[in-house]
Amino acid sequence: YKYGIEELWLNPNNYLMLANTIKNDLEDLSSSKYAAEEIENNYSKLEEDLTTLDANLRNIAKSAINNNTETVVIAYDSLGFLEKYGFKVINISSENNITNNIKNRFKNKTYKYIFVENKNKVSDSIKDLMDNYNAELIEINTMNTLTDTERTNKENYLTIMNEFITKLSNVVLQTN
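About the criteria used
For every chain, the first residue of its written sequence is number 1, and the numbers climb from 1 along that sequence. At least 70 in pLDDT is required for a residue's local features to be given in this predicted model, at least 80 for side-chain atom pairs to be given and counted, and no such filter applies to totals for whole chains, interfaces and linings, which use all residues. Think of the side-chain values as coming from all heavy atoms in the structure, minus any hydrogens and water. Each helix corresponds to a stretch of at least 4 residues labelled H or I by DSSP, and each strand to a stretch of at least 2 residues labelled E; elements are numbered beginning at the N terminus. To estimate the expected span of a helix, subtract one from its residue number and multiply by 1.5 Å. Accessible area is worked out with a 1.4 Å probe on protein chains only. A residue is then buried under 20% of its type maximum, exposed over 50%, and partly exposed in between. Should any heavy atoms of two residues lie within 4.5 Å, those residues are considered in contact. The definition of a polar contact used here is a pair of N or O atoms within 3.5 Å, where within protein one atom must be able to donate a hydrogen and the other to accept one, and adjacent residues in sequence count solely through side-chain atom pairs. Like charges are joined within 9 Å and nonpolar side chains (Val, Leu, Ile, Met, Phe, Trp, Tyr) within 5 Å, but only among residues with over 30% relative accessible area and no salt bridge; these make up the patches. We get accessible surface area from the Shrake-Rupley algorithm with a probe of 1.4 Å; when it comes to residues, only the shown protein chains can shield them. Basic side-chain nitrogens of Lys or Arg form a salt bridge, by our definition, when they fall within 4 Å of a carboxyl oxygen of Asp or Glu. In this analysis, rings of Phe, Tyr and Trp, with Trp reduced to its six-membered ring, are considered paired at centre separations within 6.5 Å, and the interplanar angle assigns stacked below 30 degrees, edge-to-face beyond 60, and tilted for intermediate values. As used here, the term nonpolar core means buried Ala, Val, Leu, Ile, Met, Phe, Trp, Tyr and Cys residues forming a set that is joined through side-chain atoms within 4.5 Å. Think of each axis as a best-fit line through the C-alpha atoms, taken over the contacting stretch in the case of a helix, with angles from 0 to 180 degrees between the N-to-C directions. Crossings are assigned a handedness: left-handed for a near helix turned anticlockwise from the far helix by less than a right angle, right-handed for a clockwise turn. Throughout, the ten residues Ala, Val, Leu, Ile, Met, Phe, Trp, Tyr, Cys and Pro are labelled nonpolar, Asp, Glu, Lys and Arg are labelled charged, and all others, Gly among them, are labelled polar.

Draft legend 1. Main features of helix H3 (residues 33–67). With 35 residues, H3 extends 51 Å between its outermost C-alpha atoms, agreeing within 8% with the 51 Å of an ideal straight helix rising 1.5 Å per residue. By the burial criterion, the buried members of H3 are Ile39, Tyr43, Asp49, Leu50, Leu53, Asp54, Leu57, Ile60, Ala61 and Ala64. Check the buried side of H3 and you find it contacts helix H2 (12–29) and helix H7 (157–172). At the N-terminal boundary of H3, the capping side chain belongs to serine 32, with an oxygen 3.3 Å from the backbone nitrogen of tyrosine 34. Trailing H3 by a residue or two, asparagine 68 shows a phi angle of about 60°, which is positive.

Draft legend 2. Just H7, in detail. Helix length check: H7, at 16 residues, gives a terminal C-alpha distance of 22 Å against a target of 22 Å (1.5 Å per residue), a fit within 8%. Where H7 begins, the side chain of asparagine 156 points an oxygen toward the backbone nitrogen of leucine 158, at a separation of 2.9 Å.

Draft legend 3. Region of interest: a nonpolar patch on the surface. A surface patch of nonpolar side chains, amounting to about 330 Å² of accessible area, comprises Ile22, Leu26 and Leu29. With respect to the helices and strands, leucine 29 occurs in helix H2. Take leucine 29: its relative accessible area is 73%, and that puts it in the exposed class.

Draft legend 4. Region of interest: the packing of aromatic side chains. Counted under the stated rule, the structure contains four aromatic pairs. Considering the side-chain rings of phenylalanine 81 and tyrosine 85, the 6.2 Å spacing of their centres and the 80° angle between planes classify their relative orientation as edge-to-face. Judged on exposure class, the residue phenylalanine 81 and its partner tyrosine 85 are both buried. Ring geometry for phenylalanine 106 and tyrosine 111: centres 5.7 Å apart, planes at 75°, overall edge-to-face. When its relative accessible area of 10% is taken as the criterion, tyrosine 111 is described as buried.

Draft legend 5. Just the side chain of aspartate 49, in detail. Along the polypeptide, aspartate 49 turns up in helix H3. Reaching out from aspartate 49, the side chain makes a polar contact with the side chain of lysine 45 at a distance of 2.8 Å.

Draft legend 6. Geometry of the nonpolar core. By size, the foremost hydrophobic cluster in this structure holds 30 residues, and its most contacted members are Leu57, Leu79, Leu82, Phe87, Phe115, Phe164 and Leu168. Put simply, the parts of the chain that give this core at least two residues each are H2, H3, strand S1 (71–74), strand S3 (113–117), strand S4 (136–140) and H7. Residue contacts for leucine 168: discarding those within four places in its chain leaves Leu57, Ile60, Val72, Leu82, Phe87 and Phe115. Of all hydrophobic cores here, the second largest spans 13 residues; its members include Ile102, Phe106, Tyr111 and Ala135.

Draft legend 7. Fine view of the pattern of salt bridges. For the structure shown, the criterion picks out six salt bridges. The salt bridge partner of aspartate 54 is arginine 58, with a shortest N-O separation of 2.9 Å. A residue pair is termed a helical-turn pair when its members lie 3 or 4 positions apart in one helix, as aspartate 54 and arginine 58 do in helix H3 at four residues. Across the pair glutamate 163 and lysine 167 runs a salt bridge, and its minimum N-O distance is 3.1 Å. Placement of both glutamate 163 and lysine 167 in helix H7 is noted, with a separation of four residues, approximately one turn of the helix. A residue is classified by how much of its surface remains accessible, and lysine 167, at 25% relative accessible area, is partly exposed.

Draft legend 8. Examining the environment of asparagine 59 more closely. Checked against the element boundaries, asparagine 59 lands in helix H3. The sequence separation of asparagine 59 and tyrosine 85 amounts to 26 residues, and the corresponding C-alpha distance is 9.0 Å.

Draft legend 9. Here's a closer look at the packing of helix H4 (residues 100–107) against helix H5 (residues 124–133). Remark: H4 packs on H5, axes separated minimally by 10 Å, with the N-to-C direction vectors making an angle of 35°. For the pair H4 and H5, the crossing hand works out as right-handed. Of the residues in H5, those in contact with Lys103, Phe106 and Lys107 of H4 are Asp128, Leu129 and Tyr133. Each residue belonging to the contact of H4 with H5 can be placed in one class, and the counts come to three nonpolar, no polar and three charged.

Dropping the structure here:
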């Protein structure tokens, strides 16, 4: 992983590799034909879901590139994996990364949104972008920020990623 440990599960391709490794290990440990079939069926369904997530990210990036709206501002390192899909990622997770150029782009509305991890404290420099440059936060849920209620309501990787994809699509494909 390049952007943080969470990239291992945020990136659908990485998640699929992890799932494949687990599937193979479970099949090696299982002596039951029924269990092996169940493992394979569950993996096949997960593989289909992850392939759909991957395709959705690719399609959004392609449309955003065609619209010249592929730039995404992040204050959450693990979203850097979006670069592999073709997004231009501006990472402002460090206060040193918030330059006058970035402030001016928020001021003239070239940039409008900042993706942040849900429930994380927002830095003073990001608060400054919100207060003085009209930046809006787009909160992204992660597995480690899920509440007990969300877990009880069956929130999981797929629901989190589908929600993220919807938010990403709304941001980069919006019409002004």
